[in-house]
Amino acid sequence: MTTSQTSPFRIFQEDDVSEECKKLVSILPKEKGWIGSYTYNYQGFWTTPKVIEGVIACQQRFHAQDSDIILVTNPKAGTTWLKSLLFVLVNRKEHPIFNQNHPLYVKTPHDLIPFLELDLYHDGEVFDFSSFTSPRLLSTHLPFASLPKSVQDSRTKLVYLCRNPKDTFISMWHFANRLRLHQKDTISIEEMFDFFCKGVNPYGPFWNHVSDYWKQSIEKPNKVLFLMYEEIKAQPTLQLKRLAEFVECPFSVEEEKSGMLDEILRMSSFENLSNLKVNTNGKSSLSGAPNRIFFRKGEVGDWKNYFTIKMNEKLNHVIEQKFQGSGLKFVYN
Ligand code: PAP
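Residues numbered from 1 in each chain as written. Predicted model: local features only at pLDDT ≥ 70, side-chain atom pairs only at ≥ 80, totals over all residues. Heavy atoms only, no water.

Q: I would appreciate a short explanation of the sheet that holds strand β2 (residues 38-42) in the present structure.
A: The strands that make up a sheet are held in pairs by hydrogen bonds between backbone atoms, and each pair lies either parallel or antiparallel. One open sheet accounts for three strands, arranged β1-β2-β3; its pairing is antiparallel. Each end of this open sheet is capped by a strand with a single partner; those strands are β1 (30-32) and β3 (45-47). Taken pair by pair, the neighbouring strands of this sheet meet at an average axis angle of 30°, ignoring direction. As paired elements, β2 and β3 share three bridges and run antiparallel to each other. In the sheet register, Tyr-40 faces β3, and the bridge partner there is Thr-47. (Pairing = 2+ DSSP bridges. Helix = DSSP H or I, 4+ residues; strand = E, 2+ residues; numbered from the N terminus. Axes fitted to C-alpha atoms, helices over the stretch in contact; angles between N-to-C directions.)

Put into structure tokens, the structure is as follows:
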């Protein structure tokens, strides 16, 4: 049985693309896929044919508005967490917190903030945004250079969430294993690690993705906010305030006094989200994926339970080379 027949995600189904896309993909560099059979290098990053179709469609058809807020991540950087924080924060007037009927209790964060290239544009249809309120909250895993041009040219705000490469890798490895569960052709941690170190991972190379947004956040601090998973863990209130100010929804003194920040952090915590019925039993209405696969441990430093000394040295070396002179420092525990 092939990967494409068993994966719960359409985005890994090799054949479910137009003839035009198949033709394009046939000439792209390819490597063994982490989840799907193969991964292809398109516009400098690694992905599946179905995603390539979505990328082309959103690059051609998506028109950004100045008020849009787009959350950008490498896969497994904490997308689900930040989607929750951002949704609750931005919509706190329309959907008051401390309310048991809050949308977060009935929809998974991935359905509240859809992915451009994965959820909205992958069927060749023009997506109807009429049900969205302003500001529109959207997300993507796309590298900066592949964002639709209108996103780059408009005043659309980009919130980038970065996670240290070791935990990102381990999270991806677990995720890939979960999706490959019913397959014979598993991929070992060693093989996947070698691919990661060569830059062959979903939306990778990891360092290009991170570096490009890091540079943009320095050059255009009003356009790109660069957040780190580990910093949100360490200083949640401070980082939530940074986020609120960046998206122009700062907290008032009264809101701060009311305990609102603690409640937003509690609602979006791993503990709370991973135990909600919608996330333990539900499926995404957009991708069809079981919501529970986005919750595993949610900790900093889990890589230490998997990395050998050799793996650690190798990745340290790669990361040092790739980020030399950038001023960016990762937190690993
Ligand atoms: P995606 O990019 O494919 O959407 P994403 O949400 O970034 O996935 O990755 C899931 C990771 O975030 C998991 O990390 P782990 O494998 O190291 O455990 C998941 O547990 C973690 N995660 C999910 N929700 C939260 C949360 N509320 N707080 C902290 N971490 C979380």
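Alright, that's what it looks like, and here's the rest.
Q: What should I look at first to understand the pairing of strand β7 (residues 224-228) in this one?
A: Within β7, five of the five residues are buried, leaving the element largely enclosed by the surrounding structure. Neither face of β7 is left uncovered, since the one carrying Val-224, Phe-226 and Met-228 and the one carrying Leu-225 and Leu-227 both have all their residues buried. As paired elements, strand β6 (residues 157-162) and β7 share five bridges and run parallel to each other. The residue of β7 that forms the bridge with Leu-158 is Val-224. (Buried < 20%, exposed > 50% of the residue type's maximum accessible area, 1.4 Å probe, protein only.)

Q: Even after reading the chapter, I still don't get the side chain of Glu-255, so can you show me in this structure?
A: The residue Glu-255 is located in helix α13 (residues 253-257) in this model. Here Glu-255 falls in the buried class, since its relative accessible area comes to 13%. Contacts of Glu-255, omitting those with residues within four sequence positions, involve Arg-92, Lys-93, Pro-250, Met-260 and Leu-261. (Contact = heavy atoms within 4.5 Å.)

Q: Just to check I follow, could you spell out the site of the ligand for this structure?
A: With respect to spatial proximity, 22 residues lie near the ligand, and among them Lys-76, Thr-79, Thr-80, Ser-171 and Lys-297 are the closest. At 2.4 Å, a side-chain N or O of Thr-80 approaches an oxygen atom of the ligand. Elements supplying a minimum of two residues to the shell around the ligand: α4 (79-90) and α15 (270-275). At three residues, the largest contribution of residues to the shell around the ligand is made by α4. When grouped by side-chain class, the residues that make up the shell around the ligand number nine nonpolar, nine polar and four charged. (Near = heavy atom within 4 Å. Polar contact = N/O pair within 3.5 Å; in protein donor to acceptor, adjacent residues only side chain to side chain. Nonpolar A, V, L, I, M, F, W, Y, C, P; charged D, E, K, R; others polar.)

Q: How do you make sense of the sheet that holds strand β5 (residues 137-140) when you look at a structure like this?
A: Read from one edge to the other, the open sheet built from four strands follows the order β5-β4-β6-β7, with strand pairing classed as parallel. What marks the edges here is a single partner per strand, and that holds for β5 and β7. Geometrically, the sheet is characterised by an average inter-axis angle of 20° between neighbouring strands, direction not taken into account. Relative to β5, strand β4 (residues 69-73) runs parallel, the two sharing four bridges. Of the residues in β5, the one forming a bridge with Val-72 is Thr-140. Packed onto the sheet, α4 meets β4, β5, β6 and β7 and runs at close to 165° relative to β4. Against the sheet, helix α10 (residues 206-219) makes contact with β4, β6 and β7, and its axis sits at roughly 125° relative to β7, the strand it touches most.

Q: It is not clear to me how the pairing of β6 should be interpreted in this structure. Could you clarify?
A: Among the six residues in β6, six count as buried, and that is most of the element. Of the two faces of β6, the one carrying Lys-157, Val-159 and Leu-161 and the one carrying Leu-158, Tyr-160 and Cys-162 are both buried. With five bridges connecting them, β4 and β6 associate as parallel partners. Paired with Leu-71 across the bridge in β6 is Val-159.

Q: Is there a simple way to think about the pattern of salt bridges in this case?
A: Where charged atoms of side chains with opposite charge meet at close range, the side chains can pair. Using the criterion set out here, one finds 13 salt bridges in the structure. The closest approach of N and O atoms between Asp-16 and Lys-50, which form a salt bridge, is 3.9 Å. Here Lys-50 lies in helix α3 (residues 49-61) and Asp-16 lies in the loop between α1 (3-6) and α2 (19-26), a separation of 34 residues in the sequence. Between Asp-302 and Arg-296 there is a salt bridge, with the nearest N and O atoms lying 2.8 Å from each other. Judged by its relative accessible area of 30%, Arg-296 is partly exposed. If you follow the salt bridges from partner to partner, you end up with Asp-16, Lys-50 and Glu-53 in one network. (Salt bridge = Lys/Arg side-chain N within 4 Å of Asp/Glu carboxyl O.)

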